[in-house]
Amino acid sequence: MKALHFGAGNIGRGFIGKLLADAQVELTFADVHPVLLDALKSRKGYNVNVVGEQATVETVSNVNAVNSAGQEAIDLIAQVDLVTTAVGPTILEKIAPNVAKGLILRHQQGNESPLNIIACENMVRGTSQFKQHVFNALPEDEKAWVEAHVGFVDSAVDRIVPPAAAGSSDPLEVTVETFSEWIVDETQFKGPLPDIKGMELTDNLMAFVERKLFTLNTGHAITAYLGQQAGHATIRDAILDSTVRDVVKGAMEESGAVLIKRYGFDAEKHAAYIKKILSRFENPYLQDDVERVGRQPLRKLSAGDRLIKPLLGTQEYGLPHANLIIGIAAAMRYRSEQDPQALELVELLDTLGPKATLAQISGLPAESDVVAEAVSAYEKMH
Ligand SMILES: NC(=O)C1=CN([C@@H]2O[C@H](COP(=O)(O)OP(=O)(O)OC[C@H]3O[C@@H](n4cnc5c(N)ncnc54)[C@H](O)[C@@H]3O)[C@@H](O)[C@H]2O)C=CC1
Ligand SMILES: O=P(O)(O)OC[C@H]1O[C@](O)(CO)[C@@H](O)[C@@H]1O
C-alpha cells in the first residue's frame, strides 16, 4: 500500500506517519516546512521517543517527503491508496486545491483503484469538512467520478505529542506518550477495508469522536487556561494544582454526563476514562506547555468545539455546568503574544466587552443565562 501524509509535524511524525510506516505502508510526507522536508528527504527516517514508565526509542525508516504545494504531491495523489492529514484544522482549506488537482490527474490517468482520504485533526468529522473544501476546488464534471472512487473517511485521533524539547538539535526528533488511539469510520471507505495495526474501525464514529474531543480535549484546554491563570507553564504543573484539577475533573464529568445521556456510555467506564486522562496530563516524561494546548482560543471557544459544545449538551439535558463555565471564562482570559487568535481575542474584548465577545465567538445568545454566568466568572478572575 502507498500513502501520502500531509503534515510532517508532531502527530504526522509521532503518530499517523509512524503507524503507517510500521505497517510497511510506502509512505511519503507532504509538508511546506523546508527544514523538515530537507531532513526527511536526506535521512529517509527518524527516531520516535516513546516515553512512559518504560521509555523506548523506535525508528521510522524508508519514508520520503515532498512539498505539499508542488507537482510531486499532485502526482502522488494520482497514484497512492491512502491520503492522510495532520496539518491543523485551518490548513485543510489550503491543501484542498492541490488535492483536487491530484484527483483530476488520477481520473485523467485512468486510475480506477479506490483512494481513501482521512483527516486526522481535532475536529468533529474533519474529513467531511475537508471533502467540502476539495469539492469546492473541483470542476463540476469531476465530482461524480471523485464521489465514486474516493472515500472520505472521518476519524478520531488521540495521542499527546508536544513539540520536541527546546534545545533539541534534530528537527525530526519527536516524543510521544505510550497511549494512542486512531478510530476511523468503516462505513465511509471505498474498496476493501484496510488492515493497519493501530487503526481501529467502527460503525459508530460520532460516539468516539465526541468521547475524545469532549473529554480529553475539554479537560486539556481547561487545564491550559486555568493553568495559565495560576501561573503554571506546563500541563503537568497545572493539573497537579488541586484548584485547577478540581475544575478540570468537574468539567470532564459535566461533559461526560452529556455523553452518557447521548451515547449510552457506561458511567463507570467513563469515570475510568476520565481518570486515565488525568494521569496522562500528569505524565512526568512529557514537557507540554499550556501555550500549545491552549493555542487558537477563538477556535476552541467556537460553537462546535470542546468548550461550548459540551455546555450546549448540558443545557439540552438540563445538567449542571458550573465547571465548564469556569473553563470558558478562563479561555477568555487566555493571553499569548505568539498566538494571532489570542491577540484577536484581546482586541475583541477591548472593543466589544466580554458579553458581546463571547456571544460573537461562541454563537451563544448574548442575553442568555450561560453568557451572564461566564461573564461573571470572567470578571471574578481579574
Ligand atoms: N499534537 C497532538 O498531541 C495532537 C494533535 N492533533 C491534531 O493533529 C493536527 C496536527 O497537530 P500537530 O501535529 O500537533 O501540529 P504541528 O504544527 O506539529 O504539525 C502540523 C504540520 O503541518 C505542516 N503544514 C502547515 N501547512 C501545511 C501545508 N499547507 N501543507 C502541508 N503541511 C503543512 C506544518 O509545517 C507542520 O509540520 C491538528 O489538527 C491537531 O489538533 C490531534 C491529536 C493529538
Ligand atoms: O491541537 P488542538 O486542537 O489545538 O488542541 C490541542 C489538543 O490536541 C492534542 O494535542 C491532542 O488531542 C491535545 O494534546 C490537546 O488537547
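The structure displayed is predicted, hence computed values, not measured ones. (Residues numbered from 1 in each chain as written. Chains lettered and ligands numbered in written order. Predicted model: local features only at pLDDT ≥ 70, side-chain atom pairs only at ≥ 80, totals over all residues. Heavy atoms only, no water.)

Check the secondary structure of the protein chain and you find 16 helices and 12 strands. A globule of 382 residues ought to have a C-alpha radius of gyration of about 21 Å, and the protein chain, at 21 Å, matches this closely. Each of the three principal axes of the protein chain carries a C-alpha extent, and together these read 60 × 45 × 45 Å. Taken across its 382 residues, the protein chain has 54% of its residues classed as buried. For the protein chain, the proportion of contacts with a sequence separation of at least 24, taken over those separated by at least 6, is 73%. Of the roughly 16,200 Å² of accessible surface on the protein chain, a fraction of 50% belongs to carbon and sulfur atoms. Once the 36 positive and 50 negative side-chain charges of the protein chain are each reduced to a mean point, those two points are 2 Å apart. (Helix = DSSP H or I, 4+ residues; strand = E, 2+ residues; numbered from the N terminus. Rg over C-alpha atoms; globule rule 2.2 N^0.38 Å. Buried < 20%, exposed > 50% of the residue type's maximum accessible area, 1.4 Å probe, protein only. Contact = heavy atoms within 4.5 Å. Areas by Shrake-Rupley, 256 points an atom, 1.4 Å probe, with all protein chains shown as cover. Lys, Arg positive; Asp, Glu negative; His and termini not counted. Charge placed at Lys NZ, Arg CZ, Asp CG, Glu CD.)

The strands making up a sheet associate through backbone hydrogen bonding, with each pair oriented either parallel or antiparallel. Taken in spatial order, the 3 strands make up an open sheet running 4-3-10, and their pairing is mixed. Looking at which strands have only one partner, the edges of the open sheet turn out to be strand 4 (56–60) and strand 10 (174–177). With direction set aside, neighbouring strand axes in the sheet form an average angle of 30 degrees. Where strand 3 (residues 46–51) lies against strand 10, 4 bridges are found, and the strand directions are parallel. Paired with Asn49 across the bridge in strand 10 is Thr175. (Pairing = 2+ DSSP bridges. Axes fitted to C-alpha atoms, helices over the stretch in contact; angles between N-to-C directions.)

The environment of ligand 2 is formed by Asn122, Ile160, Lys212, Leu216, Asn217, His220, Arg292, Arg295, Arg299, Lys300 and Arg306. The contact in question runs from an oxygen atom of ligand 2 to an N or O atom on the side chain of Arg295, over 2.7 Å. Assessed atom by atom at 2 Å from the grid points, ligand 2 resides in the largest pocket. Contributions of two or more residues to the shell around ligand 2 are made by helix 7 (205–229) and helix 12 (297–300). Among the elements that make up the shell around ligand 2, the one with the highest residue count is helix 7 (4 residues). Considered class by class, the residues forming the shell around ligand 2 number 2 nonpolar, 3 polar and 6 charged. (Near = heavy atom within 4 Å. Polar contact = N/O pair within 3.5 Å; in protein donor to acceptor, adjacent residues only side chain to side chain. 1 Å grid on protein atoms, 1.4 Å probe; cavity = no way out; pocket = protein on both sides within 12 Å on 5 of 7 lines; lining within 4 Å. Sits in = over half its atoms within 2 Å of the grid points. Nonpolar A, V, L, I, M, F, W, Y, C, P; charged D, E, K, R; others polar.)

On to the nonpolar core, then. Nonpolar side chains in soluble globular proteins tend to be buried together. In this structure, Ile222, Val248, Phe281, Leu301 and Ile328 are the most contacted members of the largest nonpolar core, which totals 50 residues. Residue contacts for Phe281: discarding those within four places in its chain leaves Ile160, Leu216, Gly219, His220, Thr223, Ile235, Arg236, Ile239, Val248 and Met252. (Core = buried A, V, L, I, M, F, W, Y, C linked by side-chain atoms within 4.5 Å.)

The next point concerns the site of ligand 1. Residues in contact with ligand 1 amount to 26 residues; listed here are only the nearest, Ile11, Asp31, Ser68, Glu121 and Val161. Note that a nitrogen atom of ligand 1 is positioned 2.6 Å from one of the side-chain N or O atoms of Ser68. The side chain of Glu121 places a nitrogen or oxygen atom 2.5 Å from an oxygen atom of ligand 1. Here ligand 1, which alone exposes 820 Å², has 85% of that area covered by the protein.

This paragraph deals with the domain arrangement of the protein chain. Domain annotation for the protein chain reports domain 1 (2–202) and domain 2 (207–380). Computed over C-alpha atoms, the centres of domain 1 and domain 2 are 28 Å apart. The interface is formed by 24 residues belonging to domain 1 together with 23 residues belonging to domain 2. Of the roughly 1,900 Å² buried between domain 1 and domain 2 on both sides combined, carbon and sulfur atoms contribute 62%. The largest contributions to the domain 1 side of the interface with domain 2 come from Asn122, Val124 and Ile160, which together make up 29% of the buried area. The interface formed by domain 1 and domain 2 includes 3 salt bridges. (Domains from an automatic or database assignment. Buried area = accessible area lost by both parts, 1.4 Å probe. Salt bridge = Lys/Arg side-chain N within 4 Å of Asp/Glu carboxyl O.)

What follows is about the pairing of strand 6 (residues 82–85). For a regular strand, side chains alternate in direction, first toward one face of the sheet and then toward the other. What you see with strand 6 is no split at all: Leu82 and Thr84 on one side and Val83 and Thr85 on the other are buried throughout. With 4 bridges joining them, strand 1 (residues 2–6) and strand 6 adopt parallel strand pairing. In the strand pairing of strand 6, His5 is matched with Thr84. Summarising the sheet, strand 6 and strand 7 (residues 115–119) pair through 4 bridges and their orientation is parallel.

Our next topic: the side chain of Arg333. The residue Arg333 is located in the loop between helix 14 (322–332) and helix 15 (340–362) in this model. A polar contact is formed between the side chain of Arg333 and the backbone oxygen of Tyr378, at a distance of 2.8 Å. Setting aside anything within four residues of it in sequence, one finds Arg333 in contact with Gln228, Gln229, Tyr378, Glu379, Met381 and His382.

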